[in-house]
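# Observations on the three-dimensional arrangement
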Amino acid sequence: MTAATARPASRPTPRPGVLAIEAYVPGRSKAAPGVKLFKLSSNETPLGPSPQAIAAYHGVADKLELYPDGASTELREAIAGAYGLNPANIVCGNGSDDLLELVTHAYIGPGDEGVFTEHGFLVYRIAILAAGGTPVVVPETGFTADVDAILAAVTPRTKIVFLANPNNPTGTYLPITEVKRLHAGLPPEVLLVLDAAYAEYVRRNDYEAGIELIGASENVVMTRTFSKIHGLAALRIGWLYGPAHVVDAVNRVRGPFNVSAASIAAGVAAIGDKGFMEAAVAHNSHWLEVVTTELAALGLTVTPSVGNFVLIHLPEAAGKDAAAADEFLVSRGIVLRRVAAYGLPNALRMTIGSEEANRATIAAFAEFLGGAR
Ligand SMILES: *Cc1c(COP(=O)(O)O)cnc(C)c1O
């Protein structure tokens, strides 16, 4: 006669590692009631998707009974055309998170290690633990990945090194010379995963996402996304470019229809709209500089960013710290991202928004910092 709520003597137990995962907490999307919301917490574009992508999305509405092309052929061909790649070396996914998970599951199991950096993207830790592997966290230098520290952390158990380049939430990047130095120092059996979710935004002569390096080696892949520059986060579209043997492994473990028909159609249209992409980059470059300069002028420390967001460090003083700033900004309708889970307890990440959102945020920080002490 046990009560219905009592714990049974025996029940299914997740594999080791699963319950060690802290579930990913997305950026919030609610502000105080009654104020206009500026959601700058998830690195979404303020410009939305290309109108051509929206039209393509609507275009599949009368064919919803059909399974999509499980190989995402049209999308792979469109991506390959845009970047001068062989479509056979591309796999598409349900967001690049899907591909990061798949590649981890294909190469990491119990006893294996996955390496990533101190303020690196949280999905790597989750994917490694979910695969039963061991996360290895490497210190950064100046909020930037440190090649020597990463190489020092590699052991015979290391299967994957993850590098977000540029990194979220810091906005910092490694020049391609450093990425090549990292690759050169890795044993050939370790897979280097370059997560280039923000590559399109970077305007630096010494940056490359890694396409050339991948073409010339057997142990490097790159993941990309349609969620950021293309403004299609809702549709969950990502792609992986890598050597044929890695593409083959990922194709074996992925879901047979992991990209929807709507996503394929919208993705093809988005990647074809070069003018829209260029406008998105121009908007970001302009406002990234304005936001960085104006927040610094208020006395805030802003880590120089090459992405579509900035990491803002708050004063340590009580009442002026990140928690207080967040609360104040939310009362003004401005939702930024708390980044304590990334080892940054006194910082906030701000996505570059519309002119109105950016101006409102700068003004709110000025009010917050100038307010009664
Ligand atoms: C946003 C982001 C992604 C993209 O994720 P999707 O699943 O494609 O939406 C990947 N990596 C990093 C570092 C990101 O910030």
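Residues numbered from 1 in each chain as written. Predicted model: local features only at pLDDT ≥ 70, side-chain atom pairs only at ≥ 80, totals over all residues. Heavy atoms only, no water.

## Brief notes about the sheet that holds strand β7 (residues 220-225)
- Read across the open sheet, the seven strands follow the order β2-β8-β7-β6-β5-β3-β4; overall the sheet is mixed. Because the sheet does not close on itself, it has two edges, and the strands there are β2 (90-94) and β4 (134-138). Direction aside, neighbouring strands of the sheet carry axes that sit 25 degrees apart on average.
- Of the strands in this sheet, β2, β6 (191-195), β7 and β8 (237-241) are in contact with helix α8 (residues 244-253), which crosses β2 at around 30 degrees. (Pairing = 2+ DSSP bridges. Helix = DSSP H or I, 4+ residues; strand = E, 2+ residues; numbered from the N terminus. Axes fitted to C-alpha atoms, helices over the stretch in contact; angles between N-to-C directions. Contact = heavy atoms within 4.5 Å.)

## Observations regarding the site of the ligand
- Every residue lining the ligand is accounted for by G95, S96, D97, F121, N168, D195, A197, Y198, T225, S227, K228 and R236.
- Separating an oxygen atom of the ligand from a side-chain N or O atom of K228 is a distance of 3.3 Å. (Near = heavy atom within 4 Å. Polar contact = N/O pair within 3.5 Å; in protein donor to acceptor, adjacent residues only side chain to side chain.)

## A word on the environment of D206
- The residue D206 is located in the loop between β6 and α7 (211-215) in this model.
- Of the residues examined, D206 reaches a relative accessible area of 34% and is grouped as partly exposed.
- As for D206 and Y173, which are separated by 33 residues in sequence, their C-alpha atoms are 10.0 Å apart.
- With residues near it in sequence (within four places) discarded, D206 still touches Y173, P175 and I176.
- Within the structure, D206 has its side chain in polar contact with the side chain of Y173 (distance 2.7 Å). (Buried < 20%, exposed > 50% of the residue type's maximum accessible area, 1.4 Å probe, protein only.)

## As for the domain arrangement of the protein
- As assigned here, the protein comprises domain 1 (30-48 + 275-370) and domain 2 (51-272).
- Counting residues at the interface gives 25 residues for domain 1, matched by 25 residues for domain 2.
- Summed over both partners, the interface of domain 1 with domain 2 comes to about 2100 Å²; 68% of that surface belongs to carbon and sulfur atoms.
- Together, M277, V306 and Y342 form the three largest contributors to the area buried by domain 1 at its contact with domain 2, with a combined 34%.
- Taken together, the links from domain 1 to domain 2 amount to zero salt bridges.
- At the level of elements, α10 (274-297) and β10 (309-313) are the ones that each hand at least two residues to the side of domain 1 that touches domain 2.
- In the side of domain 1 that touches domain 2, the residues fall into twelve nonpolar, twelve polar and one charged. (Domains from an automatic or database assignment. Buried area = accessible area lost by both parts, 1.4 Å probe. Salt bridge = Lys/Arg side-chain N within 4 Å of Asp/Glu carboxyl O. Nonpolar A, V, L, I, M, F, W, Y, C, P; charged D, E, K, R; others polar.)

## A word on the UniProt feature "domain: Aminotransferase class I/classII large" (unreviewed entry) in the protein
- In this structure's numbering, the residues bearing the UniProt feature "domain: Aminotransferase class I/classII large" (unreviewed entry) are residues 36-362.
- In this annotation, residues 36-362 is assigned 39% helix and 17% strand; the end-to-end C-alpha distance for the span is 16 Å. (UniProt positions renumbered as here; feature names shortened; annotations may be inferred.)

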